[in-house]
Amino acid sequence: MKPKVNDRFKKDASIDDIMHSLHENGYAVVEEVLPPETVDALLGEMMPYIDATPFGPDAFAGQNTKRTGSLVARSATGRDLIVHPLCTGVARELLKSSTEFQLSQTQLISAHPGSVAQKLHKDELVWDFFPFAPDHHVMCQFFWALTDFTEANGATHVVPGSDPLAPEEVEPGSSIPVEMKKGSVFIFTGKVVHGGGTNRTDEVRRGLILSYCSGWVRQEENQYLVAPPELARTLPEELLKVIGYQQGCFAMGYAGDIEEPMDVLFGRKAATPVVPSEATRRAANKTAREWSKSVAEQTV
């Protein structure tokens, strides 16, 4: 199946152009965003952990595939990539029906020779297979190529325009391989049907998944164990907000006596606790904003 609209972009492409492909195709490929030295630095920082990672336990995780996480704690280069303008810009736009977005998962995938193709699926299934509305996005994913991705070495297969379809509704043979050069990124929604391919070569294919989600759903990877307070206090506040040290919406994720998480983390005492009617003024949906106004009018 061919993409509905152009699905490949140069690294200086606009967010609007990328979003058009995401909405029509369910994905976009931005080519050679990262220079080779950045990719090599990330791999160098992560290689001791990759070497220690066991292979997967089943055909979905990949019995010849390693999945290495905890990027926030393990890689300075990875931390910079999490707040890359391309990631935060596209994620914020796709997830704009939610007040905030957050990092959901980091996973460096090493598909060794003999890794078999995955069952085609949608990544939204991680939330207990909940049937989210077709037009409501809660997930935005970035699969960074740390080596070249080819059809032969198991590049991800995607079904263009499959956001509205269940995986079992996809016609056989309708997926296409997402081939891309090292440093490129495959951006895709949580709804598009896709799956890893079979690695028929003698080389390891490596890629890094950075997944972002709405601020009100649980993160796939527990970022507060990855970056507990003693580590979190050493990190930039911009990164902390993205990994979840902020309120996901007006009543989600507060700490202490209804205080902002960042204030509690750094021992800052705010003059007042979080005020629900003020917090909802910047909510993404009209109902919340109207609720804010109503509560404010009743407040003495």
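Above this text sits the structure in question.
Residues numbered from 1 in each chain as written. Predicted model: local features only at pLDDT ≥ 70, side-chain atom pairs only at ≥ 80, totals over all residues. Heavy atoms only, no water.

## Side note on the packing of aromatic side chains
Next up, step 1: Applying the stated criterion across every chain yields a total of eight aromatic pairs.
Next up, step 2: Ring geometry for W127 versus F132: centroids 6.2 Å apart, planes at 90°, classification edge-to-face.
Next up, step 3: Looking at W127, the relative accessible area reads 13%, which means it is buried.
Next up, step 4: Residue F132 is classed as buried on the basis of its relative accessible area, which comes to 15%. (Phe/Tyr/Trp six-rings, centres within 6.5 Å; stacked < 30°, edge-to-face > 60°. Buried < 20%, exposed > 50% of the residue type's maximum accessible area, 1.4 Å probe, protein only.)

## Digging into the packing of helix 1 (residues 15-25) against helix 5 (residues 85-94)
The packing of two helices is summarised by the inter-axis angle and the distance between the axes.
Next up, step 1: Orientation of helix 1 relative to helix 5, taken along the N-to-C sense of each, is 55°, at an axis distance of 10 Å. Viewed along their axes, helix 1 and helix 5 adopt a mutual orientation that is oblique. For the crossing formed where helix 1 meets helix 5, the hand is right-handed. In contact with I15, I18, M19, L22 and H23 of helix 1, helix 5 contributes L86, G89, V90, E93 and L94.
Next up, step 2: Partitioning the contact of helix 1 with helix 5 into residue classes produces seven nonpolar, two polar and one charged. (Axes fitted to C-alpha atoms, helices over the stretch in contact; angles between N-to-C directions. Helix = DSSP H or I, 4+ residues; strand = E, 2+ residues; numbered from the N terminus. Parallel < 35°, antiparallel > 145°, perpendicular 65-115°, else oblique. Left-handed = near helix turned anticlockwise from the far one by under 90°. Contact = heavy atoms within 4.5 Å. Nonpolar A, V, L, I, M, F, W, Y, C, P; charged D, E, K, R; others polar.)

## Quick word on a negative patch on the surface
Next up, step 1: There is a patch of like negative charges on the surface, built from E32, D148, D202 and E203.
Next up, step 2: Examined against the element boundaries, D148 turns out to sit in the loop between strand 5 (139-145) and strand 6 (157-158).
Next up, step 3: Owing to a relative accessible area of 35%, D148 belongs among the partly exposed residues under this scheme. (Patch = residues over 30% accessible without salt bridge, like charges linked within 9 Å, V, L, I, M, F, W, Y side chains within 5 Å. Areas by Shrake-Rupley, 256 points an atom, 1.4 Å probe, with all protein chains shown as cover. Salt bridge = Lys/Arg side-chain N within 4 Å of Asp/Glu carboxyl O. Lys, Arg positive; Asp, Glu negative; His and termini not counted. Charge placed at Lys NZ, Arg CZ, Asp CG, Glu CD.)

## Structural notes on the pairing of strand 4 (residues 101-111)
Next up, step 1: Counting buried positions along strand 4 yields eleven of eleven residues, so the element is predominantly enclosed.
Next up, step 2: Examined bridge by bridge, strand 3 (residues 65-68) and strand 4 share four bridges and lie antiparallel to one another. When the bridges of strand 4 are listed, T68 appears paired with L108.
Next up, step 3: The sheet contact formed by strand 4 and strand 10 (residues 205-214) spans ten bridges and is antiparallel. Considered in strand 10, the bridge of I109 is made with G207. (Pairing = 2+ DSSP bridges.)

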